[in-house]
Amino acid sequence: MKLERACIRWYYNYKDFGFHQRLSWNYKGFCVRCEGDLMKKKALIVLSILLGSLLTLGVLVAVLLWNGVILLNNPSKEEYPVRGVDVSAYQGEIDWKTLSGQGIDFAFIKSTEGSSFRDRHFGFNWEQAQKTELSVGAYHFFSFDSAGVTQAENFINAVIPFDGMLPPVIDIEFYGDKEKNPPSRADVGVQLKAMLNALEEHYGLKPIIYATKESYELYLDGDYAEYDIWIRDVIGEPSLSDGRQWTFWQYTNRETLDGYKGEEKYIDVNVFNGDLAEFLSYPRYKR
């Protein structure tokens, strides 16, 4: 008779002392109680292996996502053929000839922030980007803590226009504790509209408004219909809360390209909502 080791003592007790009431045997000659325990142990081992494999796979996917090997968003070039980047001092010194030769059509460069800050690489980037075939524009990081008019003056003093320049961009997103304690829509609207009007008057172009999903819903939803929207969504394809169409979409902040070396190893990549002909006819600065 084939016996599990755990059953042997009980088997001999049964043989020698007649404790047959305490054991039952299945047709294979196993103690029913020990066979049940063995099956439970096997099930736990299998479950542990599966859970361990899933955890390992999850960690691997997270690492690949973090390092930009896998992108959550990667829209098809057939649907969105016009692509571009946005850059700042975080990308360090940029080799614009190299960067521009990687299937991109436009670049937005950070110029200013608030009423006094200027990106330390803006002058170099602005000059060198114009030497490429890229369509080039500048963006301003909007401050909730300073007046719209003085923010516009900061941008205007930094951004010298040229023929073919893309419209100026105002970037509305939370910083510091502003997401937990957001300024009121009314207060932001006063300063934002003041800046929009000042930039349009100076450049003769309606600015583009960049927003995250959260800042769009809080400050832009249902308003600013005359301004094009550049929306950030690095998880899925964007859908604006009021149903309007977006013009630019920042679909990832984890791309890696050649031609820059800064404290940030990744670069933001965007698409234009249209084909190349539509993009080439998009409003530009003219003297």
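In this convention, every chain numbers its residues from 1, walking through the sequence in written order. It should be noted that, the model being predicted, local features are given only for residues of pLDDT at least 70 and side-chain atom pairs only at 80 or more, the latter also being counted only at that level, while totals for whole chains, interfaces and linings use all residues. To get the side-chain values, all heavy atoms of the structure are used, and hydrogens and water are removed first.

### Quick notes on the overall build of the protein
Only DSSP runs of H or I with at least four residues qualify as helices, and only runs of E with at least two residues qualify as strands; both kinds are numbered from the N terminus onward. Broken down by element type, the protein carries eight helices and eleven strands. For the exposure calls, accessible area comes from a 1.4 Å probe over protein chains only, and a residue counts as buried if that area is under 20% of its type's maximum, exposed if over 50%, partly exposed in between. Counting the 287 residues in the protein, one finds 46% classified as buried. Any pair of residues with heavy atoms lying within 4.5 Å of one another is described as a contacting pair. Taking the intrachain contacts of the protein between residues at least 6 apart in sequence as the baseline, contacts between residues at least 24 apart amount to 65%. Here the protein displays about 16000 Å² of accessible surface, and carbon together with sulfur accounts for 54% of that area. Surface exposure here means Shrake-Rupley accessible area, sampled with a 1.4 Å probe, where a residue is shielded only by the protein chains that are shown.

### Some details on the pattern of salt bridges
For salt bridges, the criterion is a side-chain nitrogen of Lys or Arg within 4 Å of an Asp or Glu carboxyl oxygen. In this structure the tally under the stated criterion is eight salt bridges. Linking Glu217 and Lys213 is a salt bridge whose minimum nitrogen-to-oxygen distance equals 3.1 Å. Taken together, the positions of Glu217 and Lys213, both in helix α7 (residues 213–220) and four residues apart, correspond to about one turn of that helix. For Lys213, a relative accessible area of 46% corresponds to the partly exposed category.

### What about helix α5 (residues 148–158)?
An α-helical turn contains 3.6 residues, so any two residues separated by three or four positions project in the same direction. Listed in full, the buried residues belonging to α5 are Gly148, Gln151, Ala152, Asn154, Phe155, Ile156 and Ala158. Lining the buried residues of α5 we find β3 (106–113), β4 (117–118), α4 (122–129), β5 (135–141) and α6 (185–203).

### A word on the environment of Tyr216
Secondary-structure assignment places Tyr216 in helix α7. Residue classification places Tyr216 among the buried positions, given a relative accessible area of 1%. C-alpha of Tyr216 to C-alpha of Ile172: the two residues are 44 residues apart in sequence and 8.1 Å apart in space. Discounting residues that sit within four places of it in the chain, Tyr216 has contacts with Ala211, Asp221, Ile229, Ile231, Leu240, Ser241, Asp242 and Arg244.

### Observations concerning unusual backbone geometry
With a phi angle near 60°, Tyr224 is a residue other than glycine that sits in the positive phi range. Within the fold, Tyr224 resides in the loop between α7 and β8 (229–232). For Tyr224, a relative accessible area of 3% puts it in the buried group.

### Considering the side chain of Ser135
Relative to the assigned elements, Ser135 resides in strand β5. Residues adjacent in sequence count toward polar contacts only when both atoms are side-chain atoms; beyond that, a polar contact is any pair of N or O atoms within 3.5 Å, and within protein one must be able to donate a hydrogen and the other to accept it. Within the structure, the side chain of Ser135 is placed 2.6 Å from the side chain of Arg284, a separation counted as a polar contact. In this structure, Ser135 is in contact with Asp105, Phe106, Ala107, Leu166, Phe279 and Arg284, ignoring residues within four places of it in sequence.

### Some thoughts on the layout of surface pockets
Sizing a probe to match a water molecule and rolling it over the atoms shows the empty space that remains. A volume near 480 Å³ is recorded for the largest pocket. Using a 1 Å grid laid over the protein atoms alone, points where a 1.4 Å probe fits but cannot get out form a cavity; open sets with protein on both sides within 12 Å along at least 5 of 7 lines form a pocket; any residue with an atom within 4 Å of a point counts as lining. Along the wall of the largest pocket there are 22 residues; nearest its centre are Asp86, Ser88, Tyr90, Tyr139 and Asp268. Among the elements that line the lining of the largest pocket, the one with the most residues is strand β9 (residues 248–255), at three residues. Under the scheme applied, nonpolar residues are Ala, Val, Leu, Ile, Met, Phe, Trp, Tyr, Cys and Pro; charged residues are Asp, Glu, Lys and Arg; polar residues are all the others, including Gly. Residues of the lining of the largest pocket, tallied by class, amount to nine nonpolar, four polar and nine charged. Grid points are joined across faces, edges and corners, and a volume is the space filled by probe spheres set on the points.

### Let's talk about the pairing of strand β11 (residues 267–272)
Taken across its six residues, β11 has six buried, putting it largely inside the fold. Side chains of β11 alternate between two faces, with Ile267, Val269 and Val271 and Asp268, Asn270 and Phe272 buried alike. Across four bridges, strand β1 (residues 83–87) lies against β11 in antiparallel orientation. Residue pairing in the sheet places Arg83 in a bridge with Val271 of β11. At least two bridges found by DSSP between two strands is the condition for calling them paired.

### Structural notes on a nonpolar patch on the surface
Only residues above 30% relative accessible area that lack a salt bridge enter a patch, with like-charged residues linked at up to 9 Å and the nonpolar side chains Val, Leu, Ile, Met, Phe, Trp and Tyr linked at up to 5 Å. Nonpolar side chains collect at one region of the surface, where Leu44, Leu47, Leu51 and Leu54 lie side by side and expose about 420 Å² of accessible area between them. By the element assignment, Leu51 lies in helix α2 (residues 32–66). Under the relative-accessibility criterion, Leu51 is labelled exposed at 51%.

### Some points on the packing of α5 against α6
Simply put, an axis is a line fit to the C-alpha atoms, just over the touching stretch for a helix, and the angle between two N-to-C directions goes from 0 to 180 degrees. Relative orientation of the contacting elements α5 and α6 amounts to 35°, with a least axis distance of 7 Å. By crossing handedness, the relation of α5 to α6 is classed as right-handed. On the side of α5, the interface is formed by Gly148, Val149, Gln151, Ala152, Phe155 and Ile156, while α6 contributes Gln191, Ala194, Met195, Ala198, Leu199, His202 and Tyr203. Residues that form the contact of α5 with α6 fall into these classes: nine nonpolar, four polar and no charged. Left-handed is the label given to a crossing in which the near helix is rotated counterclockwise from the far helix by less than a right angle, and right-handed is the label when the rotation is clockwise.

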